[in-house]
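Chain and residue survey
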Amino acid sequence: MSNSSGPLPSSFDGNEDFYQENRWQKLSRRLKEEPLVPLGCALTCYALYRATTSIRRGDHNQANRMFRARIYAQGFTLLALAVGSFYYGKEREKRKEFQGMVAEKKALEKREAWIRELEARDQEEKELREKRKRAREESGMAKSVIEWGERRGLLRRAILDIGIWRR
C-alpha cells in the first residue's frame, strides 16, 4: 500500500459530517468579523449611484461631490481592510491552525471509515469464497486450481495432438 497524501475514494464523500463550514456560514462569519468592509463597499456603490443620477440630471457640482465621496468611500474600505487584517491576523492564524487540525482529524476519520468499509468487503468476499468452495466440494467438482490447470493442460495437449487447434 502506498503512502500517498491524496484522498482515498470512498462512499462517504457526500457525507456533510466531514465538512465544517459552508459558503454562507463563512460569509456571515466574515461579515461579523469585519463589518466596516461591506459598509465601505455599500458607501462606494451609493456614491457611484448618486453620481450617475446627478450626471443624468445635469447637476455637475453634485456629480463631482459624489465622485469625491466615492474616492473617500474606497479609501475607507481599503483602510478597513488593512486595519481588519492587522487586527484579526493572529485570530486568522489560529483559525487556520484549528481548521488544519480539524481537517487532519476528519481525514483520519474518513480513512478509518474507509478501512472499515474495505475490511467489511474483504470479509464478505472471504465468506463468499468459502461458500463457493463448500458448494464445489459438495458437488464433486475439482478441488483446486491446480487440478483445473492440469485438466486444461491435458485437454490442450489432446487437441494439439489431434490437430484441431493451431497456435
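Predicted, not measured: the structure shown is a model, and the values here were computed from it. (Residues numbered from 1 in each chain as written. Predicted model: local features only at pLDDT ≥ 70, side-chain atom pairs only at ≥ 80, totals over all residues. Heavy atoms only, no water.)

Secondary structure assignment for the protein chain yields 4 helices and 0 strands. When the helices and strands of the protein chain are placed in sequence order, the string is α-α-α-α. The proportion of buried residues among the 167 residues of the protein chain is 17%. In the protein chain, the proportion of contacts linking residues at least 24 apart, taken out of those at least 6 apart, comes to 62%. Total accessible area on the protein chain is roughly 14400 Å²; 57% of this is exposed by carbon and sulfur atoms. (Helix = DSSP H or I, 4+ residues; strand = E, 2+ residues; numbered from the N terminus. Buried < 20%, exposed > 50% of the residue type's maximum accessible area, 1.4 Å probe, protein only. Contact = heavy atoms within 4.5 Å. Areas by Shrake-Rupley, 256 points an atom, 1.4 Å probe, with all protein chains shown as cover.)

A few words on the pattern of salt bridges. In total, this model carries 5 salt bridges according to the counting rule given. With its nearest N and O atoms 2.6 Å apart, the salt bridge here joins R121 to E117. Placement of the pair is R121 and E117 together in helix α3 (residues 60–139), with a separation of 4 residues, close to one helical turn. For D122, the salt bridge goes to K126, with nearest N and O atoms at 3.6 Å. Here D122 and its partner K126 are both found in helix α3, 4 residues apart, which amounts to about one turn of the helix. You can call K126 partly exposed: its relative accessible area is 46%. (Salt bridge = Lys/Arg side-chain N within 4 Å of Asp/Glu carboxyl O.)

Residue placement: T53 occurs in helix α2 (residues 36–57). For the pair T53 and A63, spaced 10 residues apart in the sequence, the C-alpha separation amounts to 8.0 Å.

Think of a disulfide as a covalent bridge from one cysteine sulfur atom to another cysteine sulfur atom. Applying the stated criterion across every chain, the model contains 0 disulfides. Among the cysteines around C41, which has no disulfide bond, C45 carries the closest sulfur, lying 6.8 Å off. According to the relative accessible area criterion, C41 is partly exposed, its value standing at 38%. (Disulfide = S-S within 2.5 Å.)

Turning our attention to the UniProt feature "transmembrane region" (unreviewed entry) in the protein chain. UniProt marks residues 71–89 with the feature "transmembrane region" (unreviewed entry), using the numbering shown here. With 100% helix and 0% strand, residues 71–89 has end C-alpha atoms that lie 26 Å from one another. (UniProt positions renumbered as here; feature names shortened; annotations may be inferred.)

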